[in-house]
Amino acid sequence: MNCLVTGATGYIGGRLVPELLAAGHRVRCMARDPGRLRDHPWAGEVETARADVLDAAALRAALEGVDVAYYLVHAMGGAGDFADRDRRGARNFAAAAHEAGVRRVVFLGGLEPDGRSSPHLRSRAEVARILLEGPVPAAVLRAGVIIGSGSASFEMLRYLTERLPVMVTPRWVHSRVQPIAVRDVLRYLTGVAELPPEVDRAFDIGGPDVLTYREMMLRYASVAGLPRRLILPVRVLSPKLSSLWVGLITPVPGGLARPLVESLTSEVVCREHDIAGYVPDPPGGLTGFDDAVGLALKRVREADVTTRWSSASTAGAPSDPLPTDPDWAGGSLYADERELRTAAPPDAVWRVIEGVGGENGWYSLPVAWRLRGLLDRLAGGVGLRRGRRDPRRLRVGDAVDFWRVEELEPGRLLRLRAEMRLPGLAWLEMSVRPAADGPGCVYAQRAVFHPHGLLGHLYWWAIAPFHGLIFGGMPRNIVRAARAEV
């Protein structure tokens, strides 16, 4: 069948595409910036369409000729009226799918809790209702905590457990949840593509274990080979305070941590397992929590994480490409440019460039970078803790600490766009070229800032005295690391 996958740059969408291809389906990926898909290993096997769910005309064109359309976009972690954006996007999608003759819509939402629900879970439930009430048969899969390498839920669990041998925790650690392995989520998503046309309903999906979050942390510690954790629940931590605490301890920023925490304040357990009547359980049964954690940790340790929660665009982050006009958009561009000749071969310098960030750091004043990351997190930004998907290799769209890979020309150029909180737009560009008059090469570096208003200009001049220390040291240390490697 012809399948359209929205959110293909995100965590689930990026993993679903190869599963659909392996099942023999033809796949079209819809993204606001299809260029971010070009470095995925399956990029040459799919079509791409540039569209946004809030753009009805582009959405209609993207859905033309599609049999099954996967709706995997949402405003989780976004600011402002995210519920209104989700509502309008779902209505546009349902209408465009009908006009294009789509035979089925598939949506991955959240389990509906007993009792009071969070704003984000209410929005997910509203999107599900809109799609189910639409004219195209829909299959809504409702999942709770998804356990898999790189998922936001797994990263939150992992860092809380590994970094805190003694934890003073909110009372929601006693709420029961039904986690599910990401491999089982993908199996269900792929399987429902072939549901009979009369099936138009929601299905609860979950793994075989029902656990409290406290039990999940203790069992994670056991699987990871850590000493038993001491967990002391208290009543004073509200979901908002909890999300700030999670944001400080884990790589998951507060804006994303809050909906995750709010979803845990009520019990989220499957009420039925009807999906097994259409997509049977595998011969060995669904993946248990301990096995799911073990598989995820194996992927992390082998640096084989195909997508991460940070794969999706950060809500509110800039997406403007680096301007080439010095007076772009009527404003000014500030730039800090540096070059350094080295006897090291270009490929050695490139390996260092492609490995920046994460555990390798930024090759200048680690304390200053950590302080900037902390200030960004305090301001509600992502900070430095996102790290990298892979310690050695990058692809367009990857998150690297508080940067995003905007352009990548292997062996030559890496351009990063800032996703930190700034009064303007910023880029960091690193490149290498062979020396024109002999052996060795030239390392070139450019930091560019486009200020927004007076505050942006003041910001640039306020930090200008530190450029020599931060940006000035990077070329020397990158070249030194390349020489050491040789």
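Computed from a predicted model, the values in this text were never measured in an experiment. (Residues numbered from 1 in each chain as written. Predicted model: local features only at pLDDT ≥ 70, side-chain atom pairs only at ≥ 80, totals over all residues. Heavy atoms only, no water.)

A. Region of the structure containing helix H6 (residues 182–191). With 7 of its 10 residues buried, H6 lies for the most part within the structure. Every buried residue of H6 is accounted for by Val182, Asp184, Val185, Leu186, Tyr188, Leu189 and Thr190. Buried residues along H6 sit against helix H1 (11–22), strand E4 (68–71), strand E5 (104–110), strand E6 (138–143), strand E7 (146–147) and strand E10 (180–181). (Buried < 20%, exposed > 50% of the residue type's maximum accessible area, 1.4 Å probe, protein only. Helix = DSSP H or I, 4+ residues; strand = E, 2+ residues; numbered from the N terminus. Contact = heavy atoms within 4.5 Å.)

B. Structural view of a nonpolar patch on the surface. A cluster of nonpolar side chains, contributed by Val166, Val168, Leu230 and Leu232, occupies part of the molecular surface with about 330 Å² of accessible area. By secondary structure assignment, the location of valine 166 is in strand E8 (residues 166–170). (Patch = residues over 30% accessible without salt bridge, like charges linked within 9 Å, V, L, I, M, F, W, Y side chains within 5 Å. Areas by Shrake-Rupley, 256 points an atom, 1.4 Å probe, with all protein chains shown as cover. Salt bridge = Lys/Arg side-chain N within 4 Å of Asp/Glu carboxyl O.)

C. Main features of the side chain of aspartate 376. Assignment of secondary structure puts aspartate 376 in helix H12 (residues 366–378). The contact partners of aspartate 376, leaving out residues within four places of it in the chain, are Gly381, Val382, Gly383, Phe402, Met420 and Arg421.

D. Representation of the sheet that holds strand E17 (residues 413–418) in the model. In space, the 6 strands of this open sheet follow the order E14-E19-E18-E17-E16-E15, with antiparallel pairing throughout. Because the sheet does not close on itself, it has two edges, and the strands there are strand E14 (334–342) and strand E15 (399–400). For E15 and strand E16 (residues 403–409), the ladder comprises 2 bridges, and the chain directions are antiparallel. For valine 400, the partnering residue across the bridge sits in E16 and is tryptophan 403. The strands touched by helix H11 (residues 346–354) within the sheet are E14, E16, E17, strand E18 (424–434) and strand E19 (441–451), with E18 carrying the most contacts at an inclination of about 155°. (Pairing = 2+ DSSP bridges. Axes fitted to C-alpha atoms, helices over the stretch in contact; angles between N-to-C directions.)

E. The nonpolar core, seen in detail. If you look at the biggest cluster of nonpolar residues, it comprises 39 residues, and the most contacted ones within it are Ile12, Tyr70 and Leu108. When residues in this core are grouped by element, the largest group, 6 residues, is from H1. Those residues within four positions of isoleucine 12 in sequence are excluded, and the remaining contacts are Leu72, Leu108, Ile146, Val182, Val185, Leu186 and Leu189. (Core = buried A, V, L, I, M, F, W, Y, C linked by side-chain atoms within 4.5 Å.)

F. Quick look at the packing of aromatic side chains. Enumeration according to the criterion identifies 12 aromatic pairs in this entry. Plain terms: the ring middles of tryptophan 362 and tryptophan 369 are 5.1 Å apart, the flat faces sit at 15° to each other, and that makes the pair stacked. A relative accessible area of 4% means that tryptophan 362 is categorised as buried. For tryptophan 369, a relative accessible area of 8% puts it in the buried group. With a centroid separation of 5.8 Å and 65° between ring planes, the pair formed by phenylalanine 402 and tryptophan 403 is classed as edge-to-face. For the pair shown, phenylalanine 402 and tryptophan 403 are each scored as buried. (Phe/Tyr/Trp six-rings, centres within 6.5 Å; stacked < 30°, edge-to-face > 60°.)

The analysis is restricted to geometry; functional conclusions fall outside its scope.
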